[in-house]
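Observations on chain architecture
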Number of protein chains: 2
Amino acid sequence: MLIVQKFGGSSVANADKIQKAAQRIVDTYKNGHKVIVVLSAQGDTTDDLIAKAKEINPEPSKRELDMLMATGEQQSCALMAMAIHRLGFPAISLNAVQVGISAFPQYGNARISRMKCDRIYSELERNSIVIVTGFQGINQYGDISTLGRGGSDTTAVAIAAEMQADLCEIYTDVDGVYTADPRMVKNAKKLKEISYDEMLELASLGAVVLHNRSVELAKKYNVRLVVRSSITDAEGTVVKEESQMESTYISGIALDRETAQITLIGMKDDPGMAFKIFSFMAKNKISVDIIIQSIGRQSVKDISFTVSTENLADTINLLEKNKDFIGYSHIMHDANQAKLSVVGAGMATNPGVAAAMFEALSDANISINMISTSEIKISVLIDERDAEQAVRYVHNRFFEQGVEF
Amino acid sequence: MLIVQKFGGSSVANADKIQKAAQRIVDTYKNGHKVIVVLSAQGDTTDDLIAKAKEINPEPSKRELDMLMATGEQQSCALMAMAIHRLGFPAISLNAVQVGISAFPQYGNARISRMKCDRIYSELERNSIVIVTGFQGINQYGDISTLGRGGSDTTAVAIAAEMQADLCEIYTDVDGVYTADPRMVKNAKKLKEISYDEMLELASLGAVVLHNRSVELAKKYNVRLVVRSSITDAEGTVVKEESQMESTYISGIALDRETAQITLIGMKDDPGMAFKIFSFMAKNKISVDIIIQSIGRQSVKDISFTVSTENLADTINLLEKNKDFIGYSHIMHDANQAKLSVVGAGMATNPGVAAAMFEALSDANISINMISTSEIKISVLIDERDAEQAVRYVHNRFFEQGVEF
């Protein structure tokens, strides 16, 4: 088989962990498989580099920040090759230029545009274990664009897709996908399988096990994903086309603390108003999530939406600069919001899920600020200080009371 | 003017030093010059990365070590670009791939094979300050080869040569080239000018101000070099074709502590004996320095030569593996040797220089183990423990007694 194995930053944080991961890679290789490894930067390297940059320039250029951050993966990959050599097996590290991972020039949050992989083929043919830097691509100017947080997952899946790998294993510090964050909910249960769509919702909604773009890509190219622990030999969770969980409505509960709410007060009620704002946001590459427009017959309206906390300052800045164009009277914003979501392929046909969720929050005396629903999820925006309690109440409602709808 | 400015690791060791160097670069730019900056890795970064590698694998692959080390310069260059941006000026960092610095695949000690510089031209045309990673090139496999210790000097001179720069300034933690190491000899004097040839001898002989390959390259392409302090505004030393020092015989004294002596005992006295050994060493990329062959009419001879300490283990290993091919009875070696040299364009026509040097060492009661001479230098091999005293006595003899020959 051809197997892609991705190890996150915590799984290669120090020499000891690199050696453990190397042993796991070699064990797979010894079983007769061809192995491509994708690595993140070690432990807190990326954060440390960002701190170093900000010491020198509080607003570093994104192009230079990418140039700086990309060194982290190159280091972990070279060190991993050395660790595998020490175990007596052939390995070679390759960065994004060497592999031929092309990306769009959206520094700090690029998307992969094309994969070449010739070099990977030729190194695999020489029986080498190939170790690839995650998180980065080369844009049309020959510059490095990083893929955003969690981008190494995307690199791993993109390589698995391009190389038609039999399996893409994501090694992390949890041993699978749970019904809720086990650090918050001690009764959280590990899922044996989950569908791409459900995983996609969970990933987009703040369950940090997998990066959402990697799941999108896996779904698009039908890459069989497994989320596994880099420490234990526990089985992990398989992410694939069809989940077998006919009996469950809900697969999991996700929490995203990095949510900020922005409200534009006093907008002129033109028919194209929402289009104007959100096409403007899209042009500036800012993802907007939940959107609510005030109801009523006044000639002015309010519009409220959420962005990720890290985009809050940029968004406010952008909106203020274009106040006249957009046409509102003033802005309000709140960085201390959290988005709580329940996800499950079974909920589409069952209106009782939303009611059960609202009931659990009401029992916990937690106010809901915004609501958003899709075919397979319900999200609510709540105050961040209520977040953990909300997760426990909602998890209890769906997974511990065992209620039928 | 087009000016290349190279800053060594100690000149960019922390945020504060990067900001100081950025100010100096910007001052040059504000004077209307086009500026290309070449940087080493920050402070001890390279050593720290090597230590990290050896923790994982005591004998790391040189290819992977280069992949690892090359990240150091990429980091310092990105940080420098950010520091210049903060001062309000345009700057862009470029690594060896982006510039197009081709190197031979001799990992850890590569030579530059070709420079493209198209990207540098286009960035300069946009009025950007261009910041280039020193110390590294890309070989024909698309892999990174580093240029060996001090390789950033070579990068700076190679760029200055290719771009036909008016000046190549080497910023370092000393403010010029001295008659001897000022840390050892307190009366050491700074030279206003020195010729390429003299600088070349000093550099090869252990005066660590400039990397010898960079001086060779500067001589070959007639690049005007200035060695200057990154801390003070002192004038520095100009390195150029013709030195003006008609009145001086000796330009400086150099000490190389990283010298080891190897002796092959009992070699068959074939006519091709020396050729056989040293072509063998050359094939294995080990530089041999002073060579002495025992004199006498026996059918077996001894041959003694020096290598740099870092190559000692490899050399012994190689010689032992090829004992039968080379044909000797046993090997002796001594890592605790130092090479003391006096350098000066004026000495060729003056036999008194050697005599004065030997006299000074005799006054200090220091034994000479080997002697080697060229047109413009005399080197002696002495025990390392005598090294500092030897420098002081010899400096005193030539620069303080003011003796005419």
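None of the values given here were measured: they were computed from a predicted structure. (Residues numbered from 1 in each chain as written. Chains lettered and ligands numbered in written order. Predicted model: local features only at pLDDT ≥ 70, side-chain atom pairs only at ≥ 80, totals over all residues. Heavy atoms only, no water.)

**Concerning the relation of the copies chain B and chain A**
- With an axial shift of 0.1 Å and an RMSD of 0.1 Å, the rotation relating chain B to chain A amounts to 179°. This pairing of chains is accounted for by a two-fold axis. Scanning chain B for the C-alpha nearest the rotation axis identifies Thr71 of chain B, at a separation of 2.5 Å.
- An overlap of 100% is found between the interface residues of chain B and their copies at the interface of chain A, pointing to a shared contact surface. (Least-squares fit on C-alpha atoms with pLDDT ≥ 70 in both. Contact = heavy atoms within 4.5 Å.)

**So, helix α13 (residues 387–400) of chain A**
Residues and elements named next belong to chain A.
- The end-to-end C-alpha separation of α13 is 19 Å, in line with the 20 Å expected for 14 residues at 1.5 Å each.
- Those residues of α13 lying buried are Ala387, Ala390, Val391, Val394, His395, Arg397, Phe398 and Phe399. Summarising the axial view, the buried residues of α13 lie within an arc of 160°, below the 170-degree limit, and thus occupy one face. (Helix = DSSP H or I, 4+ residues; strand = E, 2+ residues; numbered from the N terminus. Expected span 1.5 Å × (residues − 1). Buried < 20%, exposed > 50% of the residue type's maximum accessible area, 1.4 Å probe, protein only. Arc of directions from axis to C-beta.)

**Side note on the interface of chain B and chain A**
- Tallying the contact residues gives 42 residues for chain B and 42 residues for chain A.
- Summed over both partners, the interface of chain B with chain A comes to about 3400 Å²; 59% of that surface belongs to carbon and sulfur atoms.
- In this assembly, chain B and chain A are joined by 2 salt bridges.
- For the interface between chain B and chain A, the tally reads 23 residue pairs in polar contact (both at pLDDT 80 or more).
- If you list the elements that add at least two residues to the side of chain B that touches chain A, you get α1 (15–30), α2 (45–56), α3 (62–86), β3 (91–94) and α4 (96–99) of chain B.
- Partitioning the side of chain B that touches chain A into residue classes produces 23 nonpolar, 12 polar and 7 charged. (Buried area = accessible area lost by both parts, 1.4 Å probe. Salt bridge = Lys/Arg side-chain N within 4 Å of Asp/Glu carboxyl O. Polar contact = N/O pair within 3.5 Å; in protein donor to acceptor, adjacent residues only side chain to side chain. Nonpolar A, V, L, I, M, F, W, Y, C, P; charged D, E, K, R; others polar.)

**Observations regarding the packing of helix α1 (residues 15–30) of chain A against helix α3 (residues 62–86) of chain A**
Residue and element names in this part refer to chain A.
- Between α1 and α3, whose axes approach to 9 Å, the crossing angle comes to 60°. Here α1 and α3 pass one another in a crossing that is right-handed. For the pair formed by α1 and α3, the contact residues are Ile18, Gln19, Ala21, Ala22, Ile25 and Val26 on the first element and Leu79, Met80, Ala83, Ile84 and Arg86 on the second.
- The class makeup of the residues in the contact of α1 with α3 is 9 nonpolar, 1 polar and 1 charged. (Axes fitted to C-alpha atoms, helices over the stretch in contact; angles between N-to-C directions. Left-handed = near helix turned anticlockwise from the far one by under 90°.)

**Description of the environment of Asp302 of chain B**
Residues and elements named next belong to chain B.
- Within the element layout of this structure, Asp302 appears in strand β15 (residues 300–308).
- For Asp302, a relative accessible area of 30% puts it in the partly exposed group.
- Beyond its immediate stretch of four places on either side in the chain, Asp302 contacts Thr263, Leu264, Ile265, Gly266, Ile292, Gln293 and Ser294.
- Polar side-chain contacts of Asp302 include one of 3.0 Å to the backbone nitrogen of Gly266.

**What about the packing of aromatic side chains?**
Residues and elements named next belong to chain A.
- According to the stated counting rule, one finds 8 aromatic pairs over all chains in the structure shown.
- On the numbers, 5.8 Å between centres and 80° between planes, the contact of Tyr29 with Phe89 is edge-to-face. Placement of Tyr29 in helix α1 and of Phe89 in the loop between α3 and β3 (91–94) is noted, with a sequence separation of 60 residues between them.
- The exposure class assigned to Tyr29 is buried, which follows from its relative accessible area of 19%. (Phe/Tyr/Trp six-rings, centres within 6.5 Å; stacked < 30°, edge-to-face > 60°.)

**Section: the nonpolar core**
- Of all hydrophobic cores here, the largest spans 84 residues; its most connected members are Ile120 of chain A together with Met80, Ile129 and Ile131 of chain B.
- In terms of residues, this core owes the most to one element, α3 of chain B, which gives 8 residues.
- Met80 of chain B has contacts with Val12, Ile18, Ala21, Ala22, Ile25, Leu39 and Ile131 of chain B, leaving out every residue within four places of it along the chain.
- Among the nonpolar cores identified, the runner-up in size contains 79 residues, and Val37 and Ala91 of chain A together with Ala96 and Val215 of chain B belong to it. (Core = buried A, V, L, I, M, F, W, Y, C linked by side-chain atoms within 4.5 Å.)

**Some details on the pattern of salt bridges**
- With the rule as written, the count across this model stands at 37 salt bridges over all chains.
- Where Arg63 of chain B meets Glu64 of chain B, a salt bridge forms, and the shortest distance between an N and an O atom there is 2.9 Å. Of the two residues examined, Arg63 of chain B and Glu64 of chain B, each falls in the buried class.
- Residue Lys190 of chain B pairs with Asp175 of chain B through a salt bridge whose shortest N-O separation is 3.6 Å. Of this pair, Lys190 of chain B sits in the loop between β9 (167–172) and β10 (193–195) while Asp175 of chain B sits in the loop between β9 and β10, and the two are 15 residues apart along the sequence.
- Relative accessible area serves as the criterion here: at 32%, Lys190 of chain B is assigned to the partly exposed category.
- Look at the salt bridges and you will find they share partners, linking Arg63, Glu64 and Asp143 of chain A together with Arg119, Glu123 and Arg126 of chain B into a network.

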